[in-house]
Amino acid sequence: MKRILCLLVWAAWCRSAWVWAGLQEGTDDSRWVLWYRQPAREWTEALPVGNGRLGAMVFGGAPEERIQFNEDTLWLGEPRDYSRPGAWRHLETLRRLLFEGRQREAEGLAMREFMSVPLRQMPYQPFADLMIRFDHRETVEGYRRELNLDEGAVRVRYRAGGTGYERTVFSSAPHQVLVVHLQADRPGGLSFRVWFRCPHTNSQARVQGVNRLILQGRVRNFDQANKIEIRNPMRFEAVLEARARGGTVRGEGDALVVENADRVTLLLAAATCYVNFQEVWADPGERCTRVLEEVRRKGFEDLWRAHLRDHQERFRRVSLDLGHGPGDELATDERLRRARDHDDPGLAALVFQYGRYLLMASSRPGTQPANLQGIWNESLRPPWDSKYTCNINVEMNYWPAEVTNLPECHEPLFDALDELVVSGRRTARNHYNARGWVLHHNFDLWRGTAPINHSDHGIWVTGGAWLSLHLWEHYLFGQDRDFLARRAYPVMKEAALFFVDYLVEDPRTGYLISGPSNSPEHGGLVMGPTMDHQIIRSLFAAVSEAARILGTDEAFAAELDRLRARIAPNRVGRLGQLQEWLEDKDDPNNKHRHVSHLWAVYPGCEINWRTTNLFQAARQSLVFRGDEATGWSMGWKINLWARFLDGDHAYKILRNLLAPVGSRADGGLYPNLFDAHPPFQIDGNFGATAGIAEMLLQSHMRDEQGRFILHLLPALPSAWPDGRVRGLRARGGFEVDLAWQGGRLTEVTVRSRPGRECVLLYEGRERPIQLRRGGSLTLDGRLERKGT
Ligand code: FUC
């Protein structure tokens, strides 16, 4: 009898704990869930969690779980300068050869004398897998695996041998640990073995005390070509602590064995010796111990609550409803397959929020920026080394940051810029004998800025200029003058200074042009690619405006204005297209994935609906490039069609993206909704999120008085007749909520933190509004005050 009573009490407790962990504090909205009826077999089916620094892919297996984890500073290599002293002596010859039309010779000379030392940068590395083997049977029932975006947690539930099991996994930003919480619905029902599986040969795991596992290692940098081991100071360590309620925990070999526990919390700390791009002296073991010491008195509930608070404060800033349909009821992989042939507005909204989730999980203040795979990587040789490619990719990662209300997630990029300035000054001096700083088309953990890989695409000079404009955008959205003065302006100014020294007069036209450079990855080394000129003009304009706002550098700003007017302008070519190069040689049948010369339409804005001819020509260029594309290229095209105010065309590209990999275009989504280049590359996810925002709200234009124009529903596709969005940000320091029905705006609310004027624009109707500091205003679809 007593036993039965005990069991009843236990069952009641368990139920409340169950509900508590799963639902109570959780989502107000079950739509933000990716879910599946089976564990992941492939890495691209596993579900990502991350706190910006420590990321994991949860496979959700039963009876064996694999949690593959990463730490964002575990890379090959060591601090070094990649620039080539004396390279600048060849600059004039390179230019002369290119002016004479001798591209091959120029590329050959550049390969010999002008490239980075060494030629390639270093790859990002996986850390290890946390393996858990349960002692229950192979066959399970009622299996469900989910990633709840609103909670920032993966949950797995099933029954085996009459017992219900649940595990919850999240990566805590406030406490810097990965938390794996396991429970069974039967007292003492939890028995398992947990161990590390590490892909690095130079690593060992051991048990420490009664409930800790330690993994220590060093990455190996083996030069395959020359068959030599390269010096490698990068050390790493992970510590796993098991806290069990009921039952026992003991070490056995290099594993921990848990027997007959009621519930268990596994805490994983992981770190490397990386301090910054020039120093690698930290003690990773000490870092892990400190993290675990800080959570010594915290129970699972404390960690969960702190995580939820931190996560939801950010995630819930924006909500989106694009309508509903049968897809809403399906498991995510089934839903994706259905989306190949059917509209699924709920899936579009889910992918939008997933991009925001992935940004929060891979880029938080104090971490490394999101790389080509965010922070998630299982390979020792990841595609393109999972570095930071700057001729579109790393920028696209940050396109959603401002507009989808996660501006602090932009910060890791700004920290990286501070380091890139140091390295980029050396490259500016050694390669161009120029002042300021320059970044070519890639950087890595060691902040390499010199031209890498091959002279036909590596010598592209506007990476730093483009990234500097991210600082400016952060200012435009947030209106934080202090940020502009302290962080943005110094970096932007020096980026511009480089081009003051670098730009060269075109002997044929007399314009100032960029070169040697290239239109990213298209057409080889040239003088005067259009994209460079667009970026440099935008940078000069931004620096000059910033100088005026800050009341500084008057002469320098005037010089930039003068030079800016002399840079080769955008040109319309023989086919009515926007020329990608100085020469009118665009091939209308070329479907190249890069659409670099359209930079001025998006993310730039010098070509816009006011510059009618160029706008039309840019549109024609995009038509020539076509709708088929891979991951990030689709992301870019969605934004471009949104800027061309063509919602249905933007939606057409989005539809190609919202389908299983390879089914509608080269790209598409994996079952876990990771975007495929292919293979997985995270930029496409971020491009899609930004693109959906750009379809609903644009704020890149200003009126004659300099007031930002908030263009409402500028590219709403007919596939989303009814919907609402809350919390998008607009330039000028505004936040916007929109509602629409039957394809028409029904309500708009605008809030202003700093208190500013702006102009609302909807279907040709303009309405200036003035908001007080912290004020808000709600208008109807005719832009009249509600109720009047
Ligand atoms: C750019 C692209 C490639 C790839 C690489 C990481 O260079 O042209 O397609 O995305 O980045």
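Parameters and conventions
Residues numbered from 1 in each chain as written. Predicted model: local features only at pLDDT ≥ 70, side-chain atom pairs only at ≥ 80, totals over all residues. Heavy atoms only, no water. Helix = DSSP H or I, 4+ residues; strand = E, 2+ residues; numbered from the N terminus. Contact = heavy atoms within 4.5 Å. Salt bridge = Lys/Arg side-chain N within 4 Å of Asp/Glu carboxyl O. Buried < 20%, exposed > 50% of the residue type's maximum accessible area, 1.4 Å probe, protein only. Core = buried A, V, L, I, M, F, W, Y, C linked by side-chain atoms within 4.5 Å. Pairing = 2+ DSSP bridges. Axes fitted to C-alpha atoms, helices over the stretch in contact; angles between N-to-C directions. pLDDT = per-residue confidence, 0-100.

What follows is about the environment of P768. Mapped onto the elements, P768 comes out in strand β32 (residues 765-770). On a C-alpha basis, the gap between P768 and E64 in space is 61 Å, while along the polypeptide they are 704 residues apart. Non-local contacts of P768, meaning those with residues more than four positions away in its chain, are made with R707, C758 and V759.

In the structure shown here, the tally under the stated rule is 68 salt bridges. Here R643 ties to E694 by a salt bridge, and the two come within 2.8 Å at their closest N and O atoms. With a gap of 51 residues between them, R643 in helix α16 (residues 631-643) and E694 in helix α18 (residues 683-696) connect regions that are remote in the sequence. Grouping residues by exposure puts R643 and E694 together as buried. Each of the salt bridges in this network shares a partner with another, and the network as a whole consists of R144, E146, E151, R155, R157 and E166.

A few words now on the nonpolar core. One finds L710 and L712 to be the most contacted residues of the largest nonpolar core, which totals 238 residues. When residues of this core are assigned to their parent elements, the largest contribution, 13 residues, is made by helix α12 (residues 481-502). In contact with L710, other than residues within four places in its own chain, are L697, Q698, S699, A730, R731, F734, V736, V750, C758, V759, L760 and L761.

A few words on the sheet that holds strand β33 (residues 776-780). In space, the five strands of this open sheet follow the order β19-β28-β29-β30-β33, with antiparallel pairing throughout. Pairing within the sheet leaves two strands with one partner each, and these edge strands are β19 (319-321) and β33. Across the sheet, the mean angle from the axis of one strand to that of its neighbour is 20°, orientation sign disregarded. Of the pairings in the sheet, the one linking strand β30 (residues 744-752) to β33 comprises five bridges and is antiparallel in character. Bridging across to β33, T749 finds its partner in T778.

Now for the confidence of the model for the protein chain. Mean pLDDT over the protein chain stands at 95; residues scoring 70 or higher make up 96%. Residue range residues 4-28 is modelled with pLDDT below 50. Its contacts to residues more than four positions away, or to other chains, number 43 contacts.

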